[in-house]
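Single-letter residue listing:
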Amino acid sequence: MAPNDALLRRNGVFQISEERGLLDYDRLVAARILNRAHRTICPLCLQELSSQGFFDRLEQAQGREVLDLTVTKLNLFHIEELKPGGFNHRPYNLGWGHHHCNVVVKDAGIMQTLHWMSETLKRNIDDGHFPEAANNPS
Ligand SMILES: [Zn+2]
């Protein structure tokens, strides 16, 4: 598809979505799927995503490579962790995120993971394993 055709298609999809009440930016921002500039972000690290991540395969450890690896750097990310018997694949509960961040969150959930990361970082700083953070608290 030519770039202008892709843009035309994108704009058409957005227009139809808004007309039918299917595009709630506030909900997407609150769910950590978009940032305030309405750009797609990783729900854990909040970094803006590049479309290139959909094409880049994960780097593999030397000596442990598999030829048929299909995992890309970006994948679908559940905003609220999967719950057995729950309706998990609902709108506003799926966003795009880094594969690595998704692996870190696993079934724990984003907020619980952030608390764990914060405590882990604090312990490392307090124990002197992260001197540049200890000298520059933010
Ligand atoms: Zn991320």
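Just so you know, these numbers come straight off a predicted model, no measurement behind them.

1. Regarding the overall build of the protein chain
When you go through the protein chain residue by residue, the secondary structure sums to five helices and two strands. Its helices and strands taken in sequence order, the protein chain reads α-α-β-β-α-α-α from the N to the C terminus. Taken against the 2.2 N^0.38 rule, which gives 14 Å for 138 residues, the C-alpha radius of gyration of the protein chain at 19 Å runs more than 25% over that of a compact globule. With respect to the principal axes defined by its C-alpha atoms, the protein chain has extents near 55 × 40 × 40 Å. Expressed as a percentage of the 138 residues in the protein chain, the buried residues total 7%. Of all intrachain contacts in the protein chain linking residues separated by at least 6 positions in sequence, the fraction that spans at least 24 positions is 44%.

2. Notes on unusual backbone geometry
Its identity is not glycine, yet R32 carries a phi of approximately 75°, on the positive side. Checked against the element boundaries, R32 lands in the loop between α2 (25-30) and β1 (74-78). For Y92, which is not glycine, the phi torsion reads 70° and is therefore positive. Looking at where Y92 falls in the secondary structure, it is placed in the loop between β1 and β2 (94-98).

What counts, and at which threshold
Residues numbered from 1 in each chain as written. Predicted model: local features only at pLDDT ≥ 70, side-chain atom pairs only at ≥ 80, totals over all residues. Helix = DSSP H or I, 4+ residues; strand = E, 2+ residues; numbered from the N terminus. Rg over C-alpha atoms; globule rule 2.2 N^0.38 Å. Buried ≥ 20, exposed ≤ 12 C-beta atoms within 10 Å, placed from the backbone. Contact = placed C-beta atoms within 7 Å.

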